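Next come the chains, spelled out residue by residue.
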Amino acid sequence: MAYDLINADCFDWLTQCDANSITAIVTDPPYAVKEYSETELEKQRSGKGGVWRIPPAFDGHKRQPLPRFSVINDDPKARRDVYEFFTAWAMLALRVLVPGGHVFIASTPLLSDVLSLAMRTGGFERRGEIIRTVSTLRGGDRPKGAEDEFAETSVIPKGMWEPWGLYRKPLSEKTVAENLRRWNAGALRREDKDTPFGDLIQSVKTPQIERDIAPHPSLKPQNFLRKIVYAALPTGKGIILDTFSGSGSTCAAAVHFGYDCIGVERDEQFYNMSKVAVPKLAALYPSLFTQTANAEVSATRRKVSHAPVSSEPLF
């Protein structure tokens with residue numbers, strides 16, 4: 001088992017990657033493309049906004065910055081940019097995935113329809129949507145400037161869930177069974193023999209212990225990522241790719257199960273963060289969602305290559 005972290009633009013990297021070499025993709029991309037551009041990241045890091053909303057401190061706690069997705073949602077050109085970005089990405093991802101390989105890709109309710117159309121245009125089959133239940137700061141607000149007048153209204157529902165699109169590269173074989181035998185892809189791994197992978201996952205806000213390790217503005221919790229990463233390799237064999245790897249949280253979930261993983265991140269600060277964060281995140285909660293994997297993983301774990309020197313055990 002090994003993981004590799006790469007500081008590169010994923011479009012360039014995917015162009016150079018061998019065809020049919022990746023078993024599954026699990027990724028949390030820039031939902032609206034714009035928010036993780038160099039210009040907007042600079043504004044976010046300086047605390048001066050731009051597309052990022054920098055909430056004030058509350059009760060002595062500094063809140064995480066959030067992108068203003070409604071700005072992109074209301075702009076036809078911005079929506080078109082999102083569609084074109086993910087269509088181009090989907091075409092590249094389709095080439096590198098093995099037949100039957102799945103893509104788990106995060107989105108937002110305001111733009112998931114645009115992402116879905118782009119993935120279909122790029123050649124993927126839509127296989128459903130994973131619902132991550134989590135309360136966010138988005139929505140539920142009264143009309144700005146008329147809060148008292150319309151005290152019993154909300155402009156948009158309070159966000160209580162996050163959509164993760166599920167897509168599959170078409171099979172090359174006649175049946176899923178034949179495709180699994182040839183490519184180790186085409187299905188989803190069950191949590192155990194009696195429990196199929198489900199599309200509703202109870203989740204939480206990312207715990208502070210994880211944010212302390214990896215202070216990325218879009219960090220997803222390990223208790224959620226481990227469930228979808230585990231499901232992504234139906235036979236437990238193959239390579240998981242995260243093309244927008246950020247702090248390396250997806251790779252950390254893969255390391256936890258002894259899966260091979262590649263993380264590609266363009267931003268140098270996030271890339272450097274991930275080199276430190278991956279083994280530390282992977283080492284958290286050693287028994288979290290390992291009941292069905294313990295025997296197999298313990299028999300196949302080997303020293304992780306590319307790992308930074310650390311006194312902490314990886315598993």
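Only a predicted model underlies this, so the values are computations on that prediction, with no experimental measurement involved. As a convention, each chain's residues are numbered from 1 in the sequence order in which they are written. Given that the model is predicted, a residue must reach a pLDDT of at least 70 before its local features are reported, and side-chain atom pairs must reach 80 or more before they are shown or counted; all residues, however, enter totals for whole chains, interfaces and linings. Each side-chain value is worked out from all heavy atoms of the structure, with water and hydrogens disregarded.

Across the sheet, eight strands lie side by side as S1-S10-S9-S2-S5-S7-S6-S8; this open sheet has mixed pairing. A single partner strand is all that each edge strand has here, and the edge strands are strand S1 (3-7) and strand S8 (200-202). With strand direction ignored, the average angle separating the axes of adjacent strands in the sheet is 20°. Here the rule is simple: two strands pair whenever DSSP picks up at least two bridges between them. Each helix is a run of DSSP H or I of at least 4 residues and each strand a run of E of at least 2, with the numbering of both proceeding from the N terminus. Taken together, the five bridges between S1 and strand S10 (residues 260-265) define a ladder with parallel strand orientation. Among the inter-strand pairings, Leu5 is bridged to a residue of S10, identified as Gly263. To define axes, lines are fitted to C-alpha atoms, for helices over the stretch in contact only, and angles between the resulting N-to-C directions are given on a 0 to 180 degree scale.

Relative to the helices and strands, Cys10 resides in helix H1 (residues 10-16). The buried label goes to any residue with under 20% of its type's maximum accessible area, the exposed label to any with over 50%, and the partly exposed label to all in between, with areas taken from a 1.4 Å probe on protein chains only. Residue Cys10 is classed as buried on the basis of its relative accessible area of 4%. Placed 235 residues apart in sequence, Cys10 and Ser245 show a C-alpha to C-alpha distance of 9.6 Å. Two residues form a contact once any of their heavy atoms are found within 4.5 Å. Those residues in contact with Cys10, other than ones at most four positions away along the chain, are Trp89, Thr243, Phe244 and Val264.

With that settled, consider the pattern of salt bridges. By definition, a salt bridge exists where a carboxyl oxygen of Asp or Glu is found within 4 Å of a side-chain nitrogen of Lys or Arg. Overall, the coordinates contain nine salt bridges when judged by the stated rule. Among the ionic pairs, Arg132 bridges to Glu162, the shortest N-O distance being 3.1 Å. Residue Arg132 is found in strand S6 (residues 125-133), and its partner Glu162 is found in strand S7 (residues 161-168); the two are separated by 30 residues along the sequence. The same class applies to Arg132 and to Glu162, which are both buried. Through salt bridges with shared partners, a single network forms among Asp28, Arg132, Glu162 and Lys220.

A word on the side chain of Arg189. As for its position among the elements, Arg189 is in the loop between helix H6 (176-183) and S8. N or O atoms closer than or at 3.5 Å make up a polar contact, with two conditions inside protein: a donor-capable atom paired with an acceptor-capable one, and, for residues adjacent in sequence, both atoms drawn from side chains. Separated by 2.7 Å, the side chains of Arg189 and Tyr259 make a polar contact.

We now examine the nonpolar core. Here the nonpolar core consists of buried residues drawn from Ala, Val, Leu, Ile, Met, Phe, Trp, Tyr and Cys, with membership extended through side-chain atoms lying within 4.5 Å. Formed by 38 residues in total, the largest nonpolar core has its most connected members in Val26, Phe104, Ile130, Trp164, Ile228, Ile240 and Tyr259. Of all elements in the fold, only S1, strand S2 (22-27), strand S5 (97-106), S7, helix H8 (222-232), helix H9 (249-257) and helix H10 (268-283) reach the threshold of two or more residues within this core. Ile22, Ala93, Leu111 and Val114 belong to the second-largest nonpolar core, a separate cluster that totals 32 residues.

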